[in-house]
Amino acid sequence: MEQTNNKLTVVGPNEGECLAWAGGNYRIVISGEQTGGAYAVIDMMVPPHNGPGPHAHAGFQESFHILEGEVEVRTEQGVYTAGAGTFVNIPLGGVVHCFKNKTDKMARLWCVVVPAGLDAFFKELGKPVAQGVFPPPPPRPSAEDMVRIKAIAEKYGQKLYPPDFLDKVG
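Thresholds, definitions, all that
- Residues numbered from 1 in each chain as written.
- Predicted model: local features only at pLDDT ≥ 70, side-chain atom pairs only at ≥ 80, totals over all residues.
- Heavy atoms only, no water.
- Helix = DSSP H or I, 4+ residues; strand = E, 2+ residues; numbered from the N terminus.
- Rg over C-alpha atoms; globule rule 2.2 N^0.38 Å.
- Buried < 20%, exposed > 50% of the residue type's maximum accessible area, 1.4 Å probe, protein only.
- Phe/Tyr/Trp six-rings, centres within 6.5 Å; stacked < 30°, edge-to-face > 60°.
- Contact = heavy atoms within 4.5 Å.
- Polar contact = N/O pair within 3.5 Å; in protein donor to acceptor, adjacent residues only side chain to side chain.
- Pairing = 2+ DSSP bridges.
- 1 Å grid on protein atoms, 1.4 Å probe; cavity = no way out; pocket = protein on both sides within 12 Å on 5 of 7 lines; lining within 4 Å.
- Points joined across faces, edges and corners; volume = space filled by probe spheres on them.
- Nonpolar A, V, L, I, M, F, W, Y, C, P; charged D, E, K, R; others polar.
- Arc of directions from axis to C-beta.

> Teacher, can you tell me more about the overall build of the chain here?
Scanning the chain from terminus to terminus reveals two helices and 12 strands. Reading the chain from its N end, one meets helices and strands in the order β-β-β-β-β-β-β-β-β-β-α-β-α-β. Since a compact globule built from 170 residues should have a radius of gyration of about 15 Å, the 16 Å found for the chain is in line with a globular shape. By principal-axis analysis of the C-alpha atoms, the chain measures approximately 50 × 30 × 30 Å. Looking at the 170 residues of the chain, the share that counts as buried comes to 42%.

Below, the structure is given as structure tokens:
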């Protein structure tokens, strides 16, 4: 891969674009635009009883380091509780997964995606907010909204599954 930017990038703890999506606050620490598409880093604040529904992405690898709190990670292979200090790797190949903060405390995850793309997905669907601001999640999307959201997800290499897709796991 050709190096497109040989300049050091330094991002302070309160810098980076913050987006509200599905009840969470996602700060784009390093975007694909800044790395020539090689990777992106997202600081995810996941409020209690929140997290993304089942989804998969065959074309990029996603990993999480849980910095604070804990999340329940579900895949077709099982259910795992990941507390502070835990590292979770979602490999290439499209493993269906989701995670939920099932506690009453905030969870914070450091997410890295290789190559980038998830950051652009959040930029297209999320609403700009200040860091640490959590607007109420929008009402359940209509069928029309879901068609639009699924199309945007597919544009960025993701496939969304029904909310109960992984309920039989565990």
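> Which parts of the structure should I look at to understand the packing of aromatic side chains?
Any aromatic ring pair is given by two values, namely how distant the centres are and how the planes are angled relative to each other. According to the stated counting rule, one finds six aromatic pairs in the structure shown. Ring geometry for Trp21 versus Phe121: centroids 5.9 Å apart, planes at 80°, classification edge-to-face. In this pair, Trp21 is assigned in strand E1 (residues 17–21) and Phe121 in helix H1 (residues 118–125), connecting sequence segments 100 residues apart. Looking at Phe121, the relative accessible area reads 5%, which means it is buried. Here the aromatic cluster, defined as three or more aromatic residues joined through ring pairs, consists of Trp21, Tyr26, Phe121, Phe122 and Tyr156.

> Explain the environment of Asn101 here, please?
Here Asn101 shows up in the loop between strand E9 (97–100) and strand E10 (107–114). Taking the relative accessible area as the measure of exposure, Asn101 reaches 1% and is therefore buried. Counting along the chain gives 46 residues from Asn101 to His55, while the straight-line C-alpha distance between them is 16 Å. Dropping the residues within four chain positions of it, Asn101 is found in contact with Val46, Pro47, Pro48, His49, Asn50, Glu70, Val71, Met106 and Ala107. Within the local environment of Asn101, its side chain forms a polar contact with the backbone oxygen of Val46, the two atoms lying 2.9 Å apart. A distance of 2.7 Å separates the side chain of Asn101 from the backbone oxygen of Lys105, its partner in a polar contact.

> Sorry, what's going on with the pairing of strand E5 (residues 61–68) here?
Each regular strand shows side chains that alternate between the opposite faces of the sheet. Here E5 pairs with E10 via seven bridges, running antiparallel. By the bridge assignment, Phe64 is partnered in E10 with Cys111. Looking at chain direction, E5 and strand E8 (residues 87–90) are connected through four bridges and run antiparallel. Opposite Glu62, over in E8, you have Ile90 as the bridge partner.

> Explain the layout of surface pockets to me, please; I cannot follow it from the model alone.
A water-sized probe, rolled over the atoms, reveals where empty space remains. Considered as a void within the structure, the largest pocket measures approximately 1400 Å³ in volume. Around the largest pocket, the lining comprises 48 residues; the ones closest to its centre are Trp21, Ala22, Gly53, Pro141 and Met146. For the lining of the largest pocket, the secondary-structure elements that each account for two or more residues are E1, strand E2 (24–30), E5, strand E6 (70–75), E9, H1 and helix H2 (143–155). Tallied by class, the residues present in the lining of the largest pocket amount to 26 nonpolar, 10 polar and 12 charged.

> Before we go on, may I ask you to explain H1 in this structure?
Given 3.6 residues to a turn, an α-helix orients residues that are three or four positions apart in the same direction. Along H1, the residues classified as buried are Leu118, Asp119, Phe121, Phe122 and Leu125. Around the axis of H1, the buried residues are gathered within 160° of arc, so they sit on the same side.

> I'm lost on the sheet that holds E8 in this one. Help?
Paired through their backbone hydrogen bonds, the strands of a sheet run either parallel or antiparallel. Pairing is antiparallel in the open sheet, where seven strands are placed in the order E8-E5-E10-E3-E2-E1-E11. Where the open sheet ends on each side, the last strands, each with one partner, are E8 and strand E11 (127–128). Sheet topology places E1 next to E11; two bridges connect them, and they run antiparallel. By the bridge assignment for E11, Leu19 is matched with Pro128.

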